Amino acid sequence: MRLEPIANPGLARRLAPPALAIAGSFLVASLLALIAGGNPFAVFGAILKGAAGSKFALLETLNRATPLIFTGLAVAVAFRARLWNIGAEAQLYAGAVVTVMLGTGALPWPSLPLLVVIGVAAMLAGALLLLIPALLKTRFGVDEVVTTLLFNFIFLLFVSYLLEGPLKDPMGMGWPKSARLIPEARLPRIIDGLRLHWGFVLALISALVLWVINTRTTLGFEMRAVGQNAEAARFAGIPVTRVILKTALLSGGLAALAGFSEVAGLKGSLTLDLSPGYGYTGIVVAMLALLHPLGVVVAALFVAAIFVGADAMSRALGVPSYLADIMLASALLMMVLAILLSKFRVVRD
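About the thresholds
Residues numbered from 1 in each chain as written. Predicted model: local features only at pLDDT ≥ 70, side-chain atom pairs only at ≥ 80, totals over all residues. Heavy atoms only, no water. Helix = DSSP H or I, 4+ residues; strand = E, 2+ residues; numbered from the N terminus. Rg over C-alpha atoms; globule rule 2.2 N^0.38 Å. Contact = heavy atoms within 4.5 Å. Lys, Arg positive; Asp, Glu negative; His and termini not counted. Charge placed at Lys NZ, Arg CZ, Asp CG, Glu CD. Core = buried A, V, L, I, M, F, W, Y, C linked by side-chain atoms within 4.5 Å. Buried < 20%, exposed > 50% of the residue type's maximum accessible area, 1.4 Å probe, protein only. Phe/Tyr/Trp six-rings, centres within 6.5 Å; stacked < 30°, edge-to-face > 60°. Salt bridge = Lys/Arg side-chain N within 4 Å of Asp/Glu carboxyl O. Expected span 1.5 Å × (residues − 1). Polar contact = N/O pair within 3.5 Å; in protein donor to acceptor, adjacent residues only side chain to side chain. Axes fitted to C-alpha atoms, helices over the stretch in contact; angles between N-to-C directions. Parallel < 35°, antiparallel > 145°, perpendicular 65-115°, else oblique. Left-handed = near helix turned anticlockwise from the far one by under 90°. Arc of directions from axis to C-beta.

Considerations on the overall build of the protein
And then number 1: A tally of regular secondary structure across the protein gives 13 helices and two strands.
And then number 2: Relative to its length of 349 residues, the protein is compact, with a C-alpha radius of gyration of 21 Å against a globular reference of 20 Å.
And then number 3: Here the analysis covers contacts within the protein between residues at least 6 apart in sequence; of these, 77% occur between residues at least 24 apart.
And then number 4: The positive charge centre, built from 26 side chains, and the negative charge centre, built from 16, are 7 Å apart in the protein.

This is how it looks when you write it as structure tokens:
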């Protein structure tokens, strides 16, 4: 038996992978729910109710989806150009650090210009953080999977040092956290009294802008060409190294916006547990979306709904909330397999 490439896969074959991956993950979760002593229908009903059964639950799902959209977009744009960015977690924290440095009173400006400056500065921090592995890849052939992954641990240790030293809140009762942002540096709430903030709108705009870049600009064409075949792209006159570096800057900047939105829109200060793994979960979001920017929004909402709903389900039915992690892990594995089978057919020699 061997794998034979499919020349022109139809629309149904291209759309089948995410549907099959999600269906397979629900099947795995159903079996585990039975083992845990729960009724699968009751479990999934409780997850749905916990994620969208009330106004508060729905807005919390949108809130949880906001950083996932940013990190999913960061991973999607990088993977499309075959730049394997596994360091979105570090870039998220880079954006968060810059947000705290500029948003705690360093710039006593009005709210709108201050937020714009902080957001741009956060993007620059994340972009420069990914530029280092990109330069190592293009100049010395260093595997960016290793460097970006290691940057996650290195930068988190750096954040720990900052929170125990230069950025530590003197009024924080000894806890390792930063001072709170001034009111002018906070993203306003979309709905008064609820936690959903304008970072969610910024995430939607970012997805739309990235879709335009991918489909309507020369850079988008160059990124696709480099991702499909770098040698052929170089032979056609595309500056491959320059395209990879531009992709790194764009990807790192998008991931840093997740840290900016979490600190300026939700938390108000920086702590070591700011992200429960949004950078890594962004890989799952991007793969479920087939690296499509608008699909990232849908995938992020799905993932956020699973996490938010699983917490409510666990409290209501006593089934462990780790079921959500297993669903996403199985969805990613099945997605990889489904993508393979959408591009190749198994033939018998």
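A word on the nonpolar core
And then number 1: Counting 106 residues, the largest nonpolar core has Val43, Phe79, Phe155, Phe260, Leu270 and Met313 as its most contacted members.
And then number 2: Residues in contact with phenylalanine 260, not counting those within four places in the same chain, are Gly95, Ala96, Thr99, Leu115, Ile118, Gly119, Ala122, Leu187, Leu202 and Gly265.

Some thoughts on the packing of aromatic side chains
And then number 1: Under the criterion given, the structure shown has five aromatic pairs.
And then number 2: Through successive ring pairs, a cluster of aromatic residues spans Phe26, Phe44 and Phe302.

Considerations on the side chain of threonine 71
And then number 1: Looking at the element boundaries, threonine 71 is found in helix H3 (residues 55-80).
And then number 2: If we skip the residues at most four places from it in the chain, threonine 71 touches Leu92, Ala258, Tyr278, Gly279 and Gly282.

So, the pattern of salt bridges
And then number 1: This structure, assessed with the given rule, holds five salt bridges.
And then number 2: Note that glutamate 144 and lysine 137 form a salt bridge whose closest N and O atoms lie 3.3 Å from each other.
And then number 3: Classification of glutamate 144 as buried rests on a relative accessible area of 3%.
And then number 4: By relative accessible area, lysine 137 is classed as partly exposed at 24%.
And then number 5: Residue arginine 234 is joined to glutamate 231 by a salt bridge in which the shortest nitrogen-to-oxygen separation is 3.0 Å. Placement of the pair is arginine 234 and glutamate 231 together in helix H9 (residues 230-235), with a separation of three residues, close to one helical turn.

Observations regarding unusual backbone geometry
And then number 1: Phi at leucine 290 takes a positive value of approximately 55 degrees, unusual for a residue other than glycine.
And then number 2: Along the chain, the position of leucine 290 falls in the loop between helix H11 (278-288) and helix H12 (293-317).

Focus: helix H4 (residues 88-103)
And then number 1: Helix length check: H4, at 16 residues, gives a terminal C-alpha distance of 22 Å against a target of 22 Å (1.5 Å per residue), a fit within 8%.
And then number 2: With respect to burial, H4 is a largely interior element, 14 of its 16 residues being buried.

Quick word on the side chain of arginine 186
And then number 1: By secondary structure assignment, the location of arginine 186 is in the loop between helix H6 (144-164) and helix H7 (199-216).
And then number 2: Buried charge arginine 186 goes without a salt bridge, the closest partner of opposite sign being glutamate 262 at 10 Å.
And then number 3: One polar contact links the side chain of arginine 186 to the main-chain carbonyl oxygen of alanine 264, over a distance of 3.0 Å.
And then number 4: Beyond its immediate stretch of four places on either side in the chain, arginine 186 contacts Leu115, Arg180, Leu181, Val263, Ala264, Gly265, Leu266, Lys267 and Gly268.

Let's talk about the packing of H11 against H12
And then number 1: Viewed as axis vectors pointing N to C, H11 and H12 meet at an angle of 130 degrees, and their least axial separation amounts to 8 Å. Taken together, the axis directions place H11 and H12 in an arrangement best described as oblique. Between H11 and H12 lies a crossing whose hand is right-handed. Where H11 approaches H12, its residues Thr281, Val285, Ala286 and Leu288 are matched on the opposing element by Val296, Ala299, Ala300, Phe302, Val303 and Phe307.

Here we look at H7
And then number 1: For H7, spanning 18 residues, the distance from its first C-alpha to its last is 25 Å, which sits close to the expected 26 Å at 1.5 Å a residue.
And then number 2: What H7 keeps buried is the set Gly199, Phe200, Ala203, Ser206, Ala207, Leu210, Ile213 and Asn214. The buried side chains of H7 occupy one side of the element, clustering within an arc of 135 degrees when seen end-on.
And then number 3: Contact partners of the buried residues in H7: H3, helix H8 (218-228), helix H10 (240-267) and H12.

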